[in-house]
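Descriptive analysis of the structure
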Amino acid sequence: FDPATGHAAFRIAVSDNASQVVCPPFCGMVLPYAERVSCQFVALHDGTFEAMERGRLDLALNADDGHTPDRFHREVIYEDDFVCVVAKTSRYARKLTLRQYLDGVHVGVGVLAGRQTIPEQRLAALGKKRRCAVEVPYFTAAIRCVPGTNLIATVPRRLAELERHDPAIKFVKPPAEMQGFRYLMIWHPRLHTDAAHVWLRSMIAATGRTLGAVTR
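Residues numbered from 1 in each chain as written. Predicted model: local features only at pLDDT ≥ 70, side-chain atom pairs only at ≥ 80, totals over all residues. Heavy atoms only, no water.

**Quick word on the overall build of the protein chain**
- Secondary structure summary: the protein chain contains eight helices and 10 strands in total.
- Principal-axis analysis of the C-alpha atoms gives the protein chain an extent of 60 × 35 × 25 Å.
- Excluding contacts between residues fewer than 6 apart, the proportion of contacts in the protein chain whose partners are at least 24 apart in sequence is 81%.
- Summing over all exposed atoms, the protein chain offers an accessible surface of approximately 10,500 Å²; the carbon and sulfur share of this is 51%.
- Averaging the locations of the 28 positively and 22 negatively charged side chains of the protein chain gives two centres separated by 6 Å. (Helix = DSSP H or I, 4+ residues; strand = E, 2+ residues; numbered from the N terminus. Contact = heavy atoms within 4.5 Å. Areas by Shrake-Rupley, 256 points an atom, 1.4 Å probe, with all protein chains shown as cover. Lys, Arg positive; Asp, Glu negative; His and termini not counted. Charge placed at Lys NZ, Arg CZ, Asp CG, Glu CD.)

Here it is, written out as structure tokens:
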């Protein structure tokens, strides 16, 4: 597939995180091919994998949360970790212990099926559960709920960095149990050797490489 001569249209399901971390640099990379290649980004949802089975979606971008069916292909495009966003006036200093984290009041992010999958899974593995007083559908909304409150928002670091300029918030390190995670692109096996799809995946992978290593 040559985007300079061929035509292609792609539909890609993305999480809130990917829409802000991956989409902007990806758009810059594919803009030279805009006359022949188009990409429609849609919100990741509970029916994403069924839509991929039926050919309604070409690709999905999501964290490696353990919910991707085994039959789908996947590739790591970057790695990230979590940061806890709290109010600038918060009593929390530089790092939260697990006890402080569990005793705190959280703003959760309902990514799929009303759950922020990775943090909840990490705690469940320890037999623990945090208290979410508020749940919102987007990470940026979670961050903006924090100023002037005692809420803790657990957010992917790359996305949180986009809000670092806000003087009303600060970042603190989460408990060690809240380890980093991998971010994936996921596709149906029938598209694995499709020339246009191979090109699309190469562009997504190249976008991931431009992000570089996460800085702490």
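Here the narrative resumes.
**Things to note about helix H5 (residues 117-125)**
- Inspection of H5 places Thr117, Ile118, Pro119 and Leu123 among the buried residues, and these make up the whole buried set.
- Elements that come into contact with the buried residues of H5 comprise strand S3 (59-63), strand S5 (82-87), helix H4 (98-103), strand S8 (151-156) and strand S10 (181-187).
- Immediately beyond the C-terminal end of H5, within one or two residues, lies Gly127, with a positive phi of roughly 75°. (Buried < 20%, exposed > 50% of the residue type's maximum accessible area, 1.4 Å probe, protein only.)

**Regarding the nonpolar core**
- Counting residues in each nonpolar core, the largest one holds 56 residues, and the members touching the most others are Leu61 and Val85.
- Sequence-distant contacts of Val85, that is, excluding residues within four places in its chain, are made with Ile143, Val146, Leu151, Ile152, Ala153, Val155, Ala160, Ile169, Lys170 and Phe171.
- Residues Leu44, Ala51, Phe72 and Leu184 belong to the second largest nonpolar core, which totals 12 residues. (Core = buried A, V, L, I, M, F, W, Y, C linked by side-chain atoms within 4.5 Å.)

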